[in-house]
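Structure at a glance
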Amino acid sequence: MGYADLIRRAWRTGRFAASVRSSGKKGAAGVRPGESRGSIRGEMEEIVRRESADALGFLAPRGEGIMKLAPFVKFREEKFGAVLFETRSEKVFTLNPTAADVVRELLAGASEGEIGERLKGRYSDPSGRLADEAKALVRQLRDKGLIAD
Amino acid sequence: MQARAKRISGRVGSALAEHVSRPGKMLRARFAVQVGAALGVAPGKTETVARAMELAHNASLLHDDCVDDASLRRGLPTPNSVYGSTVALLLGDIAFTQSLEEALELGPKAVERLVSAAREMAIGELQEEFLRGSVDVTLESYMGVAARKTGALFEWGGLTLSDLSPLEHAAADPARLGSALGILLQMVDDIHDYTLTDAVAGKERAKDAKIGRVTLPGVFALADASRRGRFLELWAALRRDPRAASDLARFLDESGSLDEARAECRKVVGTILELTRRLPVRGEVDEVAEFVSAMAEREF
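Below, the structure is looked at part by part. Worth saying up front: this structure is predicted, and the values here are computed from it rather than measured.

**Things to note about the nonpolar core**
If you look at soluble globular proteins, the nonpolar side chains tend to sit buried side by side. In terms of nonpolar packing, the biggest core is built from 83 residues, with A32, L181, L184, M187 and I272 of chain B touching the most fellow members. Once you skip the residues sitting within four places of it in the chain, L184 of chain B turns out to touch C265, V268, V269, I272, M295 and A296 of chain B. Listed in part, the 19 residues of the second largest apolar core include A82, L84, V103 and L146 of chain A.

**Notes on the environment of R266 of chain B**
Residue and element names in this part refer to chain B. One can find R266 in helix 15 (residues 257-276). For R266, a count of 12 C-beta atoms within 10 Å gives the class exposed. Sequence separation between R266 and I94 is 172 residues, and the spatial gap between their C-alpha atoms is 37 Å.

**Comments concerning the interface of chain B and chain A**
On the side of chain A, 18 residues touch chain B, which itself brings 24 residues to the contact. For the side of chain B that touches chain A, the secondary structure elements donating two or more residues are helix 7 (108-130), helix 8 (139-164), helix 9 (174-195) and helix 15 of chain B. With 10 residues, the top contributor of residues to the side of chain B that touches chain A is helix 8 of chain B. Looking at the side of chain B that touches chain A residue by residue, the classes come out as 13 nonpolar, six polar and five charged.

**Overview of the sheet that holds strand 3 (residues 81-86) of chain A**
Residue and element names in this part refer to chain A. Across the sheet, which stays open at both edges, the three strands sit in the order 2-3-4 with antiparallel pairing between neighbours. With one partner strand each, in any of the chains shown, strand 2 (73-78) and strand 4 (91-95) form the two edges of the open sheet. On average, each strand axis in the sheet is tilted by 20 degrees relative to the strand beside it, whichever way the strands run. Judged from the six bridges that link them, strand 2 and strand 3 form a sheet pairing that is antiparallel. In the strand pairing of strand 3, R76 is matched with V83.

Reading guide: rules and limits
- Residues numbered from 1 in each chain as written.
- Chains lettered and ligands numbered in written order.
- Predicted model: local features only at pLDDT ≥ 70, side-chain atom pairs only at ≥ 80, totals over all residues.
- Core = buried A, V, L, I, M, F, W, Y, C linked by C-beta atoms within 7 Å.
- Buried ≥ 20, exposed ≤ 12 C-beta atoms within 10 Å, placed from the backbone.
- Contact = placed C-beta atoms within 7 Å.
- Helix = DSSP H or I, 4+ residues; strand = E, 2+ residues; numbered from the N terminus.
- Nonpolar A, V, L, I, M, F, W, Y, C, P; charged D, E, K, R; others polar.
- Pairing = 2+ DSSP bridges.
- Axes fitted to C-alpha atoms, helices over the stretch in contact; angles between N-to-C directions.

In structure tokens, the structure reads:
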């Protein structure tokens, strides 16, 4: 049922529940099963872990040869990987999980060579193909002005 | 700010209007005015940014005090303790709409971004609220929440001033500078929560621990195997008896966890000063640097 149909039905019948879920029976304390404070806390711990990159740029060591995101670029982890958001032009760059890993390492202060080595170990890729791809990605990000040295 | 209060006092009475724009330490206003000057932004515009930041901050404090059921703020009784939460929440709503009105004077982009900043602040608050009682808090996750809860508004200020600046300043990255300063403020406040007396802080001591919130000093205690056990013992004791807060504060001090938190603050100060030095109006840089140092050295 479309949104317009839902509104019409609500006006006609006086029932404003949009779905079975939102009209579900509540327990004595007004909380649906599975929506207790404790279960939300578990989910929140996971979300906060996922979003911890918001401040990684400040925690990373500073020094020669260390790359970082360019000014006005923000990194946000998502379920599908991550996005890079260039806030001035408002361009969004979508990253798959491996590319997100590359940027996460970059934010943590890894050099280009270290990123390749870490990915090789993490993804059991002795051929070094992933390391090459990581280098290519860093080059692309640099070309687009998304990272700075 | 006073003009703002006057404008609504005819609608809600002067006593209530005063709470909407009551000044505190005005750190956000100082940030806007000083960074704005160092970016060559016209003073009238920086003052608008400053007012928008202070009003949005006041809105968040009025709401926070309801969330925390706080009775004191800036050494004075909170509106929720005097008039009840309903009144305080509505005053917060007024403060936020006034902040949006200020942003509107800077253009639709500033409003759009302020809405995003307010969303991030609220999400940070919600995350913090639901992490109460959790001891699964790392330095990264703590900093991430601080970036949203406190950093987002400073970041908005930096981004807006950056848009208003007529000078080349990309290397100074004012948005990141603002965000880092916001995070620093949260870190210093969390240290103060354990180190300052009620009278000096204007709020209850070790309040965060009492409500089950692990903050920066606790993060360091939890991360160290030799301290973690004792911290968890005291943490559990605090759940049974709020008077155990002083034992926890003493442990964090004597175990070096507070010192580690101070060292982490100094690292963030270093990052901020590095960005500050790249601001384009050289004559103003020292003053911004002085402000950052003063903020970090507030008895922590």
